[in-house]
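Structural overview for review
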Amino acid sequence: MVLAKEKIIENEIKPHVGRIKKMVDVPIEKKEKKVPTIMDLPGVGAATAEKLESVGYSDLMSIAVASPGELINAVGIAEAQARKMINAARGMLEMGFESGVDVLKRREKVIKIKSGSKAFDDLIGGGFETGSITECFGEFGSGKTQLAHILAVNVQKQDPNAIAVYIDTENTFRPDRIKQLAEGAGLSPEKVLKNIMVAKAYNSDHQMLLAEKVEDLIKKQGMNVRLVVVDSLTAHFRAEFIGRGTLAERQQKLNKHVHALLKLADVNNLLVYVTNQVSADPAAFFGDPTKPIGGHIVAHASTFRIYLRKGKKGSRVAKLIDSPNMQDGECSFYVETNGLRDI
Ligand code: GTP
Ligand code: MG
């Protein structure tokens, strides 16, 4: 009898133990660990989720910080549904008000990337801040591209695992220059070059697409992107939209691009460094010849705006304009083979 009982356990119950355990354990485990995805949003089924993902809305955060208009354009849903989705995503992420302490905690994560010139860093509060867009505008040869190269190296000096993304619209990225600057910073030129992802943008649409692709580098490839350079932000837009008739369209497109960059900076705690020309010919580009292209759109999105110009004896002068928490001021420095040098 006893033997028979054991046999029953052996033959008929034991084989099922694993399965029964699974039935009991797994749902509980899953319930505890489950992270909400875009599939959990109201009105999002597999098809909509796929559409959203294909245009870069792959997680709740990207939906939560989107505008209804963006979602409508991206996946062709109705406005009411777009609003519902955004609100639900915000609810799931518990966004909204946060205490000053939380803001402070977030601010503590901000990295200030050094320029190499103490005077310059002091001017902007200690360095180029992640989580922001910093715009440098100025005439040709004022040093905007040099600064882009310097930041791409220095970000790696401060964080050896940092990746810099360089969106090059003017074909002025120079690996040789990076090598010099890396040596100047005491870093391995090969390693520094390896950690700069360069893409040439052939027109404004391509430029916008590349900016969106940065999200993939971070999310899909797990890259620790801390800097995104767009040099120049406005050149393609300026070349493609000529004449007063196209101004509104240009600004609309530029607006979209700049907001995508702002989101990238904010969500991923990275610095977006953009360069911008000044309108050299007032008759052709309507307005103050020392005003940057793009007008209020770029101005509103940039946390820091720096006006660069050539100074005395080959120096460069940086002027801070409209900063949220720093006094407007000026400083001078030299651009040298090793990097920036204070005067
Ligand atoms: P545009 O793109 O034409 O609007 O100008 P930009 O503001 O980007 O100018 P860029 O940063 O290319 O500055 C060019 C200037 O930087 C040159 O005229 C040089 O004075 C300086 N420069 C570039 N490379 C070096 C270098 O290796 N050593 C030194 N000392 N200076 C350099
Ligand atoms: Mg340049």
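Look a little higher up for the structure.
The structure displayed is predicted, hence computed values, not measured ones. (Residues numbered from 1 in each chain as written. Chains lettered and ligands numbered in written order. Predicted model: local features only at pLDDT ≥ 70, side-chain atom pairs only at ≥ 80, totals over all residues. Heavy atoms only, no water.)

Focus on the environment of Leu261
Residue position: Leu261 is located in helix α13 (residues 247-268). Taking relative accessible area as the criterion, Leu261 reaches 1% and is therefore assigned buried. Discounting residues that sit within four places of it in the chain, Leu261 has contacts with Ile133, Ala211, Val230, Leu233, Val272 and Val274. (Helix = DSSP H or I, 4+ residues; strand = E, 2+ residues; numbered from the N terminus. Buried < 20%, exposed > 50% of the residue type's maximum accessible area, 1.4 Å probe, protein only. Contact = heavy atoms within 4.5 Å.)

Some words on the sheet that holds strand β7 (residues 271-277)
Within a beta sheet, neighbouring strands are joined by backbone hydrogen bonds and run either parallel or antiparallel to one another. Judged by pairing direction, the sheet is mixed, and its nine strands sit side by side in the order β5-β4-β6-β7-β3-β8-β9-β10-β11 without closing on themselves. Two strands close off the open sheet at either side, each with one partner strand: β5 (196-200) and β11 (339-342). The average angle at which neighbouring strand axes cross in this sheet is 25 degrees, direction not considered. (Pairing = 2+ DSSP bridges. Axes fitted to C-alpha atoms, helices over the stretch in contact; angles between N-to-C directions.)

Let's talk about the side chain of Asn276
With respect to the helices and strands, Asn276 occurs in strand β7. Setting aside anything within four residues of it in sequence, one finds Asn276 in contact with Glu135, Cys136, Phe137, Gly138, Lys144, Thr234, Pro292, Ile293 and Val298.

Comments concerning the side chain of Asn269
Among the structural elements, Asn269 can be located in the loop between α13 and β7. Owing to a relative accessible area of 18%, Asn269 belongs among the buried residues under this scheme. For Asn269, the contacting residues outside a window of four places in its chain are Lys109, Val110, Thr130, Gly131, Arg226 and Leu264.

Observations concerning the pairing of strand β9 (residues 316-321)
Judged by how many residues are buried, β9 sits mostly within the fold: five of six residues are covered. Pairing between β9 and strand β10 (residues 330-336): four bridges, direction antiparallel. Each bridged residue has a counterpart across the sheet, and for Val317 the counterpart in β10 is Ser332.

Comments concerning the site of ligand 1
The full set close to ligand 1 counts 15 residues, and Gly141, Lys144, Thr145, Gln146 and Val335 are the nearest of them. The backbone of Gly143 places a nitrogen or oxygen atom 3.0 Å from an oxygen atom of ligand 1. For ligand 1, an oxygen atom lies 3.2 Å from a polar atom in the side chain of Arg316. Surface burial for ligand 1 is 65%, taken as the share of its 660 Å² of free accessible area covered by protein chains. Going through the elements one at a time, α8 (144-158), α9 (175-184) and β10 are the ones with two or more residues in the shell around ligand 1. (Near = heavy atom within 4 Å. Polar contact = N/O pair within 3.5 Å; in protein donor to acceptor, adjacent residues only side chain to side chain. Areas by Shrake-Rupley, 256 points an atom, 1.4 Å probe, with all protein chains shown as cover.)

A look at the pattern of salt bridges
Summed over the entire model, instances satisfying the criterion amount to 13 salt bridges. A salt bridge links Lys219 to Glu215, with the nearest nitrogen and oxygen atoms 2.6 Å apart. Separated by four residues within a single helix, Lys219 and Glu215 lie in helix α11 (residues 204-219), roughly one turn from each other. A residue is classified by how much of its surface remains accessible, and Lys219, at 37% relative accessible area, is partly exposed. In this structure Glu215 comes out as buried when scored by relative accessible area, which is 18%. (Salt bridge = Lys/Arg side-chain N within 4 Å of Asp/Glu carboxyl O.)

Observations regarding the nonpolar core
The biggest cluster of nonpolar side chains holds 35 residues, and the ones touching the most others in it are Phe120, Phe128, Leu227, Tyr273 and Ile306. No other element matches the seven residues that α8 contributes to this core. Among residues more than four places away in sequence, those in contact with Phe128 are Ile111, Lys112, Ile113, Ser115, Phe120, Thr134, Leu147, Leu151, Leu271, Tyr273 and Ile306. By size, the runner-up hydrophobic cluster in this structure holds 29 residues, among which are Ala211, Phe241, Val298 and Ala301. (Core = buried A, V, L, I, M, F, W, Y, C linked by side-chain atoms within 4.5 Å.)

These figures capture arrangement, not role.
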